[in-house]
Amino acid sequence: MPSRKFADGEVVRGRWPGSSLYYEVEILSHDSTSQLYTVKYKDGTELELKENDIKPLTSFRQRKGGSTSSSPSRRRGSRSRSRSRSPGRPPKSARRSASASHQADIKEARREVEVKLTPLILPFGNSISRYNGEPEHIERNDAPHKNTQEKFSLSQESSYIATQYSLRPRREEVKLKEIDSKEEKYVAKELAVRTFEVTPIRAKDLEFGGVPGVFLIMFGLPVFLFLLLLMCKQKDPSLLNFPPPLPALYELWETRVFGVYLLWFLIQVLFYLLPIGKVVEGTPLIDGRRLKYRLNGFYAFILTSAVIGTSLFQGVEFHYVYSHFLQFALAATVFCVVLSVYLYMRSLKAPRNDLSPASSGNAVYDFFIGRELNPRIGTFDLKYFCELRPGLIGWVVINLVMLLAEMKIQDRAVPSLAMILVNSFQLLYVVDALWNEEALLTTMDIIHDGFGFMLAFGDLVWVPFIYSFQAFYLVSHPNEVSWPMASLIIVLKLCGYVIFRGANSQKNAFRKNPSDPKLAHLKTIHTSTGKNLLVSGWWGFVRHPNYLGDLIMALAWSLPCGFNHILPYFYIIYFTMLLVHREARDEYHCKKKYGVAWEKYCQRVPYRIFPYIY
Ligand SMILES: NC(=O)C1=CN([C@@H]2O[C@H](COP(=O)(O)OP(=O)(O)OC[C@H]3O[C@@H](n4cnc5c(N)ncnc54)[C@H](OP(=O)(O)O)[C@@H]3O)[C@@H](O)[C@H]2O)C=CC1
Ligand SMILES: CC(C)=CCC[C@@H](C)[C@H]1CC=C2C3=C(CC[C@@]21C)[C@@]1(C)CC[C@H](O)C(C)(C)[C@@H]1CC3
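Below or above, wherever it landed, is the structure these notes cover. (Residues numbered from 1 in each chain as written. Chains lettered and ligands numbered in written order. Predicted model: local features only at pLDDT ≥ 70, side-chain atom pairs only at ≥ 80, totals over all residues. Heavy atoms only, no water.)

1. Overview of the overall build of the chain
Phase 1: Looking only at helices and strands, the chain has 22 helices and 12 strands in total.
Phase 2: Buried positions account for 58% of the 614 residues belonging to the chain.
Phase 3: Contacts in the chain between residues at least 24 apart in sequence constitute 77% of all its contacts with a sequence separation of at least 6.
Phase 4: When the accessible surface of the chain is totalled, it reaches about 26,500 Å², and 63% of it is carbon and sulfur. (Helix = DSSP H or I, 4+ residues; strand = E, 2+ residues; numbered from the N terminus. Buried < 20%, exposed > 50% of the residue type's maximum accessible area, 1.4 Å probe, protein only. Contact = heavy atoms within 4.5 Å. Areas by Shrake-Rupley, 256 points an atom, 1.4 Å probe, with all protein chains shown as cover.)

2. Focus on the site of ligand 2
Phase 1: Inspection of the region around ligand 2 gives 16 residues, with Leu221, Ala433, Asp445, Asp459 and Arg582 positioned closest.
Phase 2: Protein chains shield 86% of the accessible area of ligand 2, which is 630 Å² for the free molecule.
Phase 3: Top element by residues in the shell around ligand 2 is helix 17 (residues 453–466). It accounts for 5 residues.
Phase 4: Among the residues forming the shell around ligand 2, the class breakdown is 11 nonpolar, 1 polar and 4 charged. (Near = heavy atom within 4 Å. Nonpolar A, V, L, I, M, F, W, Y, C, P; charged D, E, K, R; others polar.)

3. Focus on the site of ligand 1
Phase 1: Near ligand 1 there are 26 residues, and of these Tyr467, Tyr547, Asp550, Arg582 and Tyr594 occur at the shortest range.
Phase 2: Between ligand 1 and the protein, one listed contact pairs an oxygen atom with a side-chain N or O atom of Lys531 at 2.8 Å.
Phase 3: Between an oxygen atom of ligand 1 and a side-chain N or O atom of Asp586, the distance comes to 2.6 Å.
Phase 4: Burial of ligand 1 by the surrounding chains reaches 90%, relative to a free accessible area of 920 Å².
Phase 5: For the shell around ligand 1, the elements supplying multiple residues, two or more each, are helix 19 (483–512), strand 12 (533–534), helix 20 (545–558), helix 21 (570–594) and helix 22 (596–604).
Phase 6: Partitioned by chemical class, the residues of the shell around ligand 1 number 14 nonpolar, 5 polar and 7 charged. (Polar contact = N/O pair within 3.5 Å; in protein donor to acceptor, adjacent residues only side chain to side chain.)

4. Observations concerning the side chain of Glu406
Phase 1: Relative to the helices and strands, Glu406 resides in helix 14 (residues 390–409).
Phase 2: Buried and unpaired, Glu406 has Arg412 as its nearest opposite-charge partner, separated by 4.3 Å.
Phase 3: Each residue touching Glu406, except ones within four places of it in the same chain, is listed here: Asp411, Arg412, Pro415, Ser416, Met419, Leu474 and Val475. (Lys, Arg positive; Asp, Glu negative; His and termini not counted. Salt bridge = Lys/Arg side-chain N within 4 Å of Asp/Glu carboxyl O.)

5. Side note on helix 8 (residues 255–273)
Phase 1: In this model, helix 8 (19 residues) spans 27 Å end to end at C-alpha, consistent with the 27 Å of a helix rising 1.5 Å per residue.
Phase 2: When helix 8 is considered as a whole, its buried residues turn out to be Val257, Phe258, Tyr261, Trp264, Phe265, Gln268, Val269, Phe271 and Tyr272. Summarising the axial view, the buried residues of helix 8 lie within an arc of 165°, below the 170-degree limit, and thus occupy one face. Within helix 8, the exposed residues directed more than 90 degrees away from the buried face are Thr255, Arg256, Leu263, Leu266 and Leu270. (Expected span 1.5 Å × (residues − 1). Arc of directions from axis to C-beta.)

6. Let's talk about a nonpolar patch on the surface
Phase 1: Residues Leu239, Ile566, Ile573 and Met577 make up a contiguous nonpolar surface patch of about 410 Å² in total accessible area.
Phase 2: Here Met577 is to be found in helix 21. (Patch = residues over 30% accessible without salt bridge, like charges linked within 9 Å, V, L, I, M, F, W, Y side chains within 5 Å.)

7. Overview of the pairing of strand 1 (residues 11–15)
Phase 1: Within strand 1, 4 of the 5 residues are buried, leaving the element largely enclosed by the surrounding structure.
Phase 2: In this structure, strand 1 lies alongside strand 2 (residues 22–31), joined through 5 bridges in antiparallel fashion. From the neighbouring strand, Val11 faces strand 2, where its bridge partner is Glu26.
Phase 3: Strand direction decides the pairing type here: strand 1 and strand 5 (residues 54–56), joined by 3 bridges, are antiparallel. By the bridge assignment, Gly14 is partnered in strand 5 with Ile54. (Pairing = 2+ DSSP bridges.)

8. Observations regarding unusual backbone geometry
Phase 1: Omega for the peptide link from Phe242 to Pro243 comes to 0°, which places this bond in the cis form.
Phase 2: Looking at the secondary structure, you find Pro243 in the loop between helix 6 (210–233) and helix 7 (249–252).
Phase 3: Located in the positive-phi region is Phe208, a residue other than glycine, with phi close to 60°.
Phase 4: Within the secondary structure, Phe208 sits in the loop between helix 5 (181–194) and helix 6.
Phase 5: A positive phi angle, close to 50°, is found at Asp411, a residue other than glycine.
Phase 6: Inspection of the secondary structure assignment puts Asp411 in the loop between helix 14 and helix 15 (417–435).

9. Structural notes on the packing of aromatic side chains
Phase 1: If you walk through the whole model with that rule in mind, you get 41 aromatic pairs.
Phase 2: With a centroid separation of 6.4 Å and 25° between ring planes, the pair formed by Tyr594 and Trp598 is classed as stacked.
Phase 3: Accessibility expressed as a relative area gives 4% for Trp598, which makes it buried.
Phase 4: Note that Arg376 overlies the ring of Tyr293, its terminal NZ or CZ placed 4.9 Å from the centroid. (Phe/Tyr/Trp six-rings, centres within 6.5 Å; stacked < 30°, edge-to-face > 60°. Lys NZ or Arg CZ within 6 Å of the ring centre and 35° of its normal.)

10. Let's talk about helix 18 (residues 469–476)
Phase 1: Burial analysis of helix 18 places 7 of its 8 residues in the buried class, the great majority of the element.
Phase 2: Those residues of helix 18 that fall on the buried side of the exposure criterion are Phe469, Gln470, Ala471, Phe472, Tyr473, Leu474 and Val475.

11. Re the nonpolar core
Phase 1: Within the largest apolar cluster, 118 residues are counted, with the highest numbers of intra-cluster contacts made by Leu225, Met402, Phe465 and Tyr467.
Phase 2: When residues no more than four places from it in sequence are discounted, the contact partners of Phe465 are Leu225, Leu229, Phe325, Phe328, Ala329, Ala332, Ile398 and Leu460.
Phase 3: In terms of nonpolar packing, the next biggest core, distinct from the first, is built from 16 residues, Ala503, Cys590, Trp598 and Tyr601 among them. (Core = buried A, V, L, I, M, F, W, Y, C linked by side-chain atoms within 4.5 Å.)

Next up, the structure:
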């Protein structure tokens, strides 16, 4: 029979599962069959640990300045800004860098999650358990105890670790109310910081059809983009005229166009770096750090407008962008490929904690989804910058270019009503995004997806060159819109906007301050993570009211183009597919994160996006 290293009653340090942090524990017993020790933390938490995850107290005694805390719930300190300094964390120099292969990371992570957890008693419910049997209840949003709970925004990553464990409460008699709220605060904070590490996802969890799927998307999307633009350039853009005449590849490349594109990008970089605008903290990362972001997107937009206005006044020929539209699309695509290669290469040196929870260890998949979560050069955040600046602001500039091209080509003194509608609707959308810039920090793109080809292409190519498609279409396919029709379209757009903005603002306000008096009338479902879910207001209507609003707006963008061709409706077709897929991804993550509470929410609010339909 194999010998055991630690005796019952011995006080040692036990590793907190899924992390490299060790806490003082007492050995309760040892199971000779499974070779697991049952240990008890000072707050009463009992877990089963492998021998490798237990160290004698003496291993830690010499360490200077280490934490003296003895249980996950008791340890405290101001670590929101610095990296975790747990007793188990090796010195920085000795820490393994990600230049060691991702496969090695996977092995290590798998070894970590092998720790078998049996019970975990948490004062506010089991924050990392999937189905914990916690007392779910629906309440109005004015219960005072929620304040403390809601302050902790546990990062989305929690869900990826959570399902790796089999957690069962051993002392079910511990009730939520018996626990003092201060203690809750520490436990929740500590869990957010310690237990959630990047766990490589298993092959079956790969999204977008796995490796073959992303491979197809990466080649298919650029081809599709060019075909669409070429189709639109035809006099009769009917689908019957597919395929459009294809230009030679060398005709599409112009170094001057690439230069103009780079200039545009650099101007946006410059505006991003301006020390104007509020600095805010993002959602906590897996190691508890919160990155800082400067919110100056709206200023960048004002400055860009000033630059564009001055250039127009100076007689700069904006028609060049229209006449070289495909060349610009190619320049942006080339730039995006180079950027994606750079992002992948640098991610190989990134520490494991900096990797995206979506990354898999497969090079092709990770090149697509993005391996590093928040690639930064100093304080310059590449993903955050690309998401809102060159592409989104570029979209508005391209729309303006199309408006001018329409006037020139159709010899108009003023732009058509259809063009004005499309331009102003989309301007409102972009200004809204920049005005509410902070909301971007809680989107799936920022907290879950890495920065790779998908977002680089989406942000830098797809948004400016596809989202401006209606304006591009109207340049060569005029459509006269009557005023009654225009009024209907405007009403539709405003309805969509009210739903989109109302839903996003309601959720953002709730996540920022759950006890906001303005939200006191809303009902919520308590969840075990400490974060609650809204079940009335916009979020009680359908489960993704913001997507519904976005889709209604998308329809209003296409309608001014008339009904002669399907092409201008491509956007709404694509967007419906994108949001349905995105909703499914979010649903999957929320189910993992909130367990029964999410199922309760689904029962209460059965429709996902379209009431009574889907
Ligand atoms: N124009 C475009 O191409 C695109 C636009 N968008 C728009 O971007 C915006 C952001 O979208 P996206 O990031 O996908 O998703 P959401 O803004 O809808 O965020 C989803 C998250 O909200 C939280 N949540 C879900 N239900 C509730 C509830 N009942 N109460 C409180 N919180 C809840 C959950 O996170 P948690 O609980 O962790 O807070 C969930 O993961 C949307 O308006 C969308 O339309 C998105 C993609 C493309
Ligand atoms: C086809 C392909 C490669 C798709 C990638 C998807 C991207 C185009 C979108 C993913 C999420 C996005 C968001 C916006 C634009 C489109 C992308 C990048 C967004 C910036 C639009 C403006 C909104 O107000 C928003 C800020 C909420 C939104 C965030 C998500």
